[in-house]
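Notes for the structure review
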Amino acid sequence: MRTFNVAVVGATGAVGNEIIRILEERNFPVSQLKLLASERSLGKSLEYKGKSIPVEVLNEDSFEGVQIGLFSAGGSISEKFAPIAARAGCVVVDNTSAFRMVHDIPLVVPEVNPEAIGQYKNKGIIANPNCSTIQMVVALKPIHDAVRIKRVVVSTYQAVSGTGKKAIDELEAQTRALLACQEPVVKVYPHQIAFNCLPQIDVFIDNGYTKEEMKMINETKKIMSDPSIAVTATTVRVPVFYAHSESVNIETEKKITSAEVRDLLSKAPGVKVVDDPSQKLYPLAIHAAGKDDTYVGRIREDESIANGINMWVVSDNLRKGAALNAVQIAEILIRDYL
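Here is a short report on the structure shown in this document. (Residues numbered from 1 in each chain as written. Predicted model: local features only at pLDDT ≥ 70, side-chain atom pairs only at ≥ 80, totals over all residues. Heavy atoms only, no water.)

With respect to topology, 7 strands assemble into an open sheet ordered β3-β4-β2-β1-β5-β6-β7, the strand pairing being mixed. A single partner strand is all that each edge strand has here, and the edge strands are β3 (45-48) and β7 (125-127). This sheet shows a mean twist of 25 degrees between the axes of neighbouring strands, independent of strand direction. Relative to strand β2 (residues 30-37), strand β1 (residues 4-9) is paired through 6 bridges, and the arrangement is parallel. Looking at β2, one finds that N5 is bridged to Q32. Sitting on the sheet, helix α1 (residues 14-25) is in contact with β1, β2, β3 and β5 (68-71), with an inclination near 25 degrees to β3. Contacts from helix α8 (residues 319-336) reach β1, β5, β6 (91-94) and β7 within the one sheet, and its direction differs from that of β5 by about 165 degrees. (Pairing = 2+ DSSP bridges. Helix = DSSP H or I, 4+ residues; strand = E, 2+ residues; numbered from the N terminus. Axes fitted to C-alpha atoms, helices over the stretch in contact; angles between N-to-C directions. Contact = heavy atoms within 4.5 Å.)

Before going further, it helps to examine the packing of aromatic side chains. Inspection of every chain in the model, using the stated rule, returns 3 aromatic pairs. Judged by centre distance (5.6 Å) and plane angle (15 degrees), the ring pair of F63 and F71 falls under stacked. As far as burial versus exposure is concerned, F63 and F71 are alike and both buried. Geometrically, the ring pair formed by Y157 and W312 is tilted, given 5.3 Å between the ring centres and 55 degrees between the ring planes. One end of the pair, Y157, is in strand β8 (residues 149-158); the other, W312, is in strand β13 (residues 308-315), with 155 residues separating them in the sequence. Under the relative-accessibility criterion, Y157 is labelled partly exposed at 35%. Given the relative accessible area of 22%, W312 is considered partly exposed. (Phe/Tyr/Trp six-rings, centres within 6.5 Å; stacked < 30°, edge-to-face > 60°. Buried < 20%, exposed > 50% of the residue type's maximum accessible area, 1.4 Å probe, protein only.)

Turning our eyes to something else, we now look at the environment of H287. Looking at the secondary structure, you find H287 in helix α7 (residues 285-288). Take H287: its relative accessible area is 47%, and that puts it in the partly exposed class.

Okay, here's the thing in structure tokens:
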């Protein structure tokens, strides 16, 4: 089997750690693994396949001899270093929002549009979508193919791990403080997150939406290759550590029953249907955390419109919502293109 030199940019972050873990779990054909981060991480080492690998400082010469770069170090880092890596012959799979809506850079979810990966030749870069978008389109794609989706209304319930390690630590610290009848310290989010819900993820823009909401709207259209799908989103941060949950309402062109949706999704790649209300079985964040599948339940027909379906969609935002999706893209890349 051919092997590849792989660089993980942002290796010491939450998603970077998960990428390293998934490369090992899936036995990705790594010849040499290069771990890259900022100067703050100099001197650190991370484990991979029983070996301790030192973290190197990211610079313009980091990609010499590297075939695949898995980036998760923030948009400004990607904007600077992804083109440098591509010019050095490294194919970049970028987990930030830097390139998602660039028209000639593919935005890929392997279960939905794997054929788009071939467009990497345009710029040497493949974009990984927003975590909330990924799990939603995995569930939408089989339905769209069957009866065409006209409109999507989604409300998200997003875990703090989507913000990173500082947010995970803050939720834990605030929870401990409040249970000890102490004043919680608020740094990461604009308000206390413990025992609270924040209807703001990222900053607000002129139309009243947040950037996170507009990411879901625009990315869904691009991934599904259908700009006519109407999408509206409300994204909410909740006091959960891992796994995002979503309430998804869709309107379809043709009628589809809840039983037909269950049957479609039970056969769909990357989807696991958990839907037995009589036994109180439905997807939960605590069950999705650490898992690869996108879980779908509470499937029911919308009684307010003729062709409507409601669903509850849950997935681990660090795995399928980020690291796993990137590694799956890389797997198809080396299988079909490199």
